[in-house]
Amino acid sequence: MYRTNTCGELRLADAGREVTLAGWVQRVRKMGSMTFVDLRDRYGITQVVTNVERDAALQEAASHLGREFVVQVKGTVAERQSKNANIPTGDIEIIAHEINILNRSEVPPFTIEDDTDGGDDLRMRYRYLDLRRGAVRRNLELRHSMAFEIRRYLSEQGFLEVETPVLIKSTPEGARDFVVPSRMNPGQFYALPQSPQTFKQLLMVSGFDRYFQIVKCFRDEDLRADRQPEFTQIDCEMSFVDQEDVLQMFEGLVKHIFKYVKNIDFTDPFPRMTWADAMRLYGSDKPDTRFGMEFVELKPLTEGSGFSVMDSAEYVGAIVAPGCAGYTRKQLDELTEFVKRPQIGAKGMMWVKFEADGSIKSSVGKFFTDEQLRKWGEHAKANPGDLMLILCGATMTTRKQLCELRLEMGSRLGLRDPQKFSCLWIIDFPLFEWDEETQRFYAMHHPFTSPNPDDIDKLDTDTGAVRATAYDMVVNGNELGGGSIRIHDSELQDHMFRLLGLSEADAQYKFGFLMNAFKYGAPPHGGLAFGFDRFVAILAGLDSIRDTIAFPKNNSGRDMMIDAPAEIDRSQLEELSIDVVLPSAENESK
Ligand code: ASP
């Protein structure tokens, strides 16, 4: 037997027992005649002690153990003199009488402790060592319990987990496809699924009325800090449901996870907000509702002052930062710099201080009387001591900028506690999004999303105003997931494809299989998908999904550890009938 116990298991009640542990040497400390070894495994750390009086040779051997050596220790559990309240095994130590080196280790490139000295790149290159760190391991443990609870809840609700293929034809979810050449069909390619969307709809046609899958999805997009080219969804679909049924079912799932994984009981229904309200009040379709600071529209109150910046703006919006009237010039300048960053792009920021003594100071004091500014304050329900921050410009652009400013103020004021969770549904999304560049409509969710039945008559006449039967679940300013009621009628689906600029031939080529299936009795159906990595990150209090994934890719889509992507052999290319033409430096710079 390699071990009788794990390194996280033994307690004071075990004192006197003979045990065998196995694990990695985290640290060796020599103190006079004693040598202490911290032995680590997945379950914890146990202190092992040797001393000269008891066994000089063993003490000497222990002193020479290197970091990350794999060792087996036999010894007696004893009460510790100086206890360590920070770890569960801190009351005991193992008085060793035998230490066997099972394997040696080179000196690791960074210290394998919660606070490591390893930078991101190094940790990614040696991910297998990084995963030994408790901080990273705990995320995977959380991920496991969440997956377990998801399966439990959905199985109890009668959902079947069905696997769908990975080598498929394109599924449009708004990103580029990863493609895989087919050797047996030269010149032809599979696409990796951006989601199992069409398959889960086909399963509904097949009569599997409650489907789910914890599934890998692939999207070849430019990677922002929190995206991965392969990521995991909790993908779900149901038949004979309307939007209300879907929201109830999956609100139940989210509540179940919070309850059984985080011990947080959400008893009230999650709030629901229309997309239009979310944009109006927060400038975002994924508002962080852990705090208020909702937008206030000032345009009607600013009209006709002769201040051209505001007069010419389509939209004037403000937020009120409670208790911030004391902000210094420097703090206000910092906020102005913040909104002027290229990623945010505001031209400037205006402010009004409603001082505690009732007086008013403002960057636009030249153009407005105190009386006028006071009206702004009343309209925005500002209290004495509050600071109003104002942006203006084109409506949608300014709202997005104000959204960033609001989040920044939320962070500065400590209102975005990662241990506090605020969940809501966003509903009534528009069905289409107009793209100025290509001068055409795109599906805001995806082309299979059903229009709101009340808006169907507007499809051709007021296309941009048609609402979708689509919904997103938002938690703490993150889109946790989203879905829709689907079109199940092949004629309406045809119509939709036409509005999206797909010719009949194109639609047939790309989605013929789905359109055909719909001819054989497609039930009304709908569903959604949650981003599993994101869900884990939110519960773990992480900003990025990267550390919720065992072997993630970096921001250039590269696996630093196995060094992928990589070139393949000439012979492999030939087999695939593929010739690689790399862009020349000249073409690339164009
Ligand atoms: N397939 C969709 C997505 O990946 C989710 C859904 O509509 O069920 O966003």
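Residues numbered from 1 in each chain as written. Predicted model: local features only at pLDDT ≥ 70, side-chain atom pairs only at ≥ 80, totals over all residues. Heavy atoms only, no water.

Engineer: It is not clear to me how the overall build of the chain should be interpreted in this structure. Could you clarify?
Structural biologist: Across its full length, the chain holds 17 helices and 22 strands. Taken across its 590 residues, the chain has 48% of its residues classed as buried. Contacts in the chain between residues far apart in sequence, at least 24 positions, make up 66% of those at least 6 positions apart. For the chain, the accessible area works out to roughly 29,400 Å², and carbon and sulfur atoms hold 50% of it. The chain carries 71 positive and 91 negative side-chain charges, and their two centres are separated by 4 Å. (Helix = DSSP H or I, 4+ residues; strand = E, 2+ residues; numbered from the N terminus. Buried < 20%, exposed > 50% of the residue type's maximum accessible area, 1.4 Å probe, protein only. Contact = heavy atoms within 4.5 Å. Areas by Shrake-Rupley, 256 points an atom, 1.4 Å probe, with all protein chains shown as cover. Lys, Arg positive; Asp, Glu negative; His and termini not counted. Charge placed at Lys NZ, Arg CZ, Asp CG, Glu CD.)

Engineer: Which parts of the structure should I look at to understand the pairing of strand β2 (residues 34–41)?
Structural biologist: Where a strand is regular, its side chains alternate between the two sheet faces. Among the 8 residues in β2, 7 count as buried, and that is most of the element. Here strand β1 (residues 18–31) runs beside β2; their pairing, made up of 7 bridges, is antiparallel. Bridge pairing in β2 places R27 opposite D38. Hairpin connection between β1 and β2: a loop of 2 residues separates the two successive antiparallel strands, and G32 in this loop has a positive phi of roughly 60 degrees. Pairing between β2 and strand β3 (residues 44–51): 8 bridges, direction antiparallel. Across the sheet, residue R40 finds its bridge partner in β3, namely I45. Remark: 2 residues form the turn of the hairpin made by β2 and β3, two consecutive strands paired antiparallel. (Pairing = 2+ DSSP bridges.)

Engineer: Would you mind showing me how to read the sheet that holds β3 here?
Structural biologist: Sheet strands pair by backbone hydrogen bonding; their relative direction is either parallel or antiparallel. With mixed pairing, 5 strands are arranged side by side around a closed barrel as β1-β2-β3-β5-β4. The sheet shows a mean angle of 55 degrees between the axes of neighbouring strands, taken without regard to direction. (Axes fitted to C-alpha atoms, helices over the stretch in contact; angles between N-to-C directions.)

Engineer: Explanation requested: the site of the ligand in the structure shown.
Structural biologist: In the vicinity of the ligand there are 13 residues, among which E173, Q197, K200, H445 and R486 approach most closely. Separating a nitrogen atom of the ligand from a side-chain N or O atom of S195 is a distance of 3.2 Å. The contact in question runs from an oxygen atom of the ligand to an N or O atom on the side chain of K200, over 2.6 Å. For the ligand, whose accessible area on its own is 270 Å², the fraction buried by protein is 92%. At the level of secondary structure, the elements contributing two or more residues to the shell around the ligand comprise α5 (197–205), β21 (478–485) and β22 (525–531). (Near = heavy atom within 4 Å. Polar contact = N/O pair within 3.5 Å; in protein donor to acceptor, adjacent residues only side chain to side chain.)

Engineer: Help me out: how do you make sense of unusual backbone geometry in this one?
Structural biologist: Comment: phi is negative for the bulk of residues other than glycine, and the bulk of peptide bonds are trans. The omega torsion of the bond from A564 to P565 falls at 5 degrees, within 30 degrees of zero and hence cis. As for its position among the elements, P565 is in the loop between α15 (532–540) and α16 (570–575). Even without being a glycine, M293 presents a positive backbone phi close to 55 degrees. Along the chain, the position of M293 falls in the loop between α7 (275–282) and β12 (296–297).

Engineer: Is there a simple way to explain the packing of aromatic side chains in this structure?
Structural biologist: If you walk through the whole model with that rule in mind, you get 16 aromatic pairs. Between F448 and F511, the aromatic rings sit 5.4 Å apart at their centres with planes inclined by 90 degrees, giving edge-to-face as the arrangement. You can see F448 sitting in the loop between β19 (440–443) and β20 (470–475) and its partner F511 sitting in helix α14 (residues 504–517), a full 63 residues away along the chain. Looking at F448, the relative accessible area reads 1%, which means it is buried. An aromatic cluster is built from F159, F250, F258, F266, F270, F421, F530 and F535, whose rings are joined through pairwise contacts. Between R152 and the ring centre of Y260, over which it is positioned, the NZ or CZ distance is 4.8 Å. (Phe/Tyr/Trp six-rings, centres within 6.5 Å; stacked < 30°, edge-to-face > 60°. Lys NZ or Arg CZ within 6 Å of the ring centre and 35° of its normal.)

Engineer: Looking at this structure, I do not really get the pattern of salt bridges. What am I missing?
Structural biologist: A side chain with one charge can pair with a side chain of the opposite charge if their charged atoms come near. Within this structure, the stated rule accounts for 47 salt bridges. Between R127 and D547 there is a salt bridge whose closest N-O contact spans 3.0 Å. Taken together, the residues R127 in helix α3 (residues 127–130) and D547 in the loop between α15 and α16 connect sequence positions 420 residues apart. Pair check on accessibility: R127 and D547 agree, each one buried. Residue K200 is joined to E237 by a salt bridge in which the shortest nitrogen-to-oxygen separation is 3.4 Å. With K200 in helix α5 and E237 in strand β10 (residues 230–239), this pair connects stretches of sequence that are 37 residues apart. (Salt bridge = Lys/Arg side-chain N within 4 Å of Asp/Glu carboxyl O.)

Engineer: Help me out: how do you make sense of the nonpolar core in this one?
Structural biologist: Note on soluble globular proteins: their nonpolar side chains tend to be buried together. Counting residues in hydrophobic clusters, the biggest one holds 38 residues, and the most contacted among them are L154, F250, W425, M473, F530 and F535. Considering every element that reaches this core, the biggest residue donor is helix α6 (residues 243–262), with 8 residues. In this structure, L154 is in contact with F159, F212, I234, C236, F250 and L253, ignoring residues within four places of it in sequence. With 24 residues, the next largest nonpolar core counts C324, M349, W351 and L387 among its residues. (Core = buried A, V, L, I, M, F, W, Y, C linked by side-chain atoms within 4.5 Å.)

Engineer: Would you explain the environment of A529 in this entry?
Structural biologist: Along the chain, A529 turns up in strand β22. Sequence spacing of A529 and M350 is 179 residues, and the spatial spacing of their C-alpha atoms is 41 Å. If we ignore the near neighbours within four places in the chain, the residues touching A529 are Q233, I234, D235, L480, G481 and G482.

Engineer: Honestly, a negative patch on the surface in this entry has me stumped. Any pointers?
Structural biologist: A cluster of acidic residues, D489, E491, D494 and E504, forms a negative patch at the surface. Within the element layout of this structure, E504 appears in helix α14. Classification of E504 as exposed rests on a relative accessible area of 66%. (Patch = residues over 30% accessible without salt bridge, like charges linked within 9 Å, V, L, I, M, F, W, Y side chains within 5 Å.)

Engineer: I'm lost on the environment of M349 in this one. Help?
Structural biologist: Structurally, M349 is set in the loop between α10 (329–340) and β14 (350–354). Distance in space between the C-alpha atoms of M349 and D454 is 41 Å, their sequence separation being 105 residues. When residues no more than four places from it in sequence are discounted, the contact partners of M349 are L332, L335, T336, V339, S363, L389, I390, L391 and L405.

Engineer: It is not clear to me how the sheet that holds β22 should be interpreted in this structure. Could you clarify?
Structural biologist: Read from one edge of the open sheet, 8 strands run β6-β9-β10-β22-β21-β20-β17-β11, paired in mixed fashion. For this open sheet the edge positions go to β6 (160–161) and β11 (272–274), each flanked by a neighbour on one side alone. As judged from the 5 bridges shared by β21 and β22, these two strands associate in the antiparallel manner. When the bridges of β22 are listed, I485 appears paired with G526. α5 contacts β9 (210–218), β10 and β22 of the sheet and is inclined by roughly 25 degrees relative to β10.

Engineer: Is there a simple way to think about the packing of helix α13 (residues 490–499) against α14 in this case?
Structural biologist: In helix packing, the relevant descriptors are the interaxial angle and the interaxial distance, both defined with respect to the helix axes. Closest axis-to-axis distance for the α13/α14 pair is 12 Å, and the angle between their directions is 160 degrees. The angle between α13 and α14 places the two elements in the roughly antiparallel class. Judged by the sense of rotation from one axis to the other, the crossing of α13 with α14 is right-handed. Contact with α13, carried on its side by S490, Q493, D494 and F497, involves A507, F511 and M515 of α14 and no other residues of that element. (Parallel < 35°, antiparallel > 145°, perpendicular 65-115°, else oblique. Left-handed = near helix turned anticlockwise from the far one by under 90°.)

Engineer: Explanation requested: helix α12 (residues 395–412) in the structure shown.
Structural biologist: Structurally, the α-helix is built with 3.6 residues per turn, so residues lying three or four positions apart point the same way. Under the 1.5 Å per step criterion, the end-to-end length of α12 is 25 Å for 18 residues, consistent within 8% with the ideal 26 Å. Considered for burial, the residues of α12 that qualify are T395, T398, R399, Q401, L402, C403, L405, R406, L407, M409 and G410. The inward-facing, buried residues of α12 abut α7, β12, β13 (315–321), α10 and β16 (386–393). Within two residues after α12, G414 carries a phi angle of roughly 70 degrees, on the positive side. (Expected span 1.5 Å × (residues − 1).)

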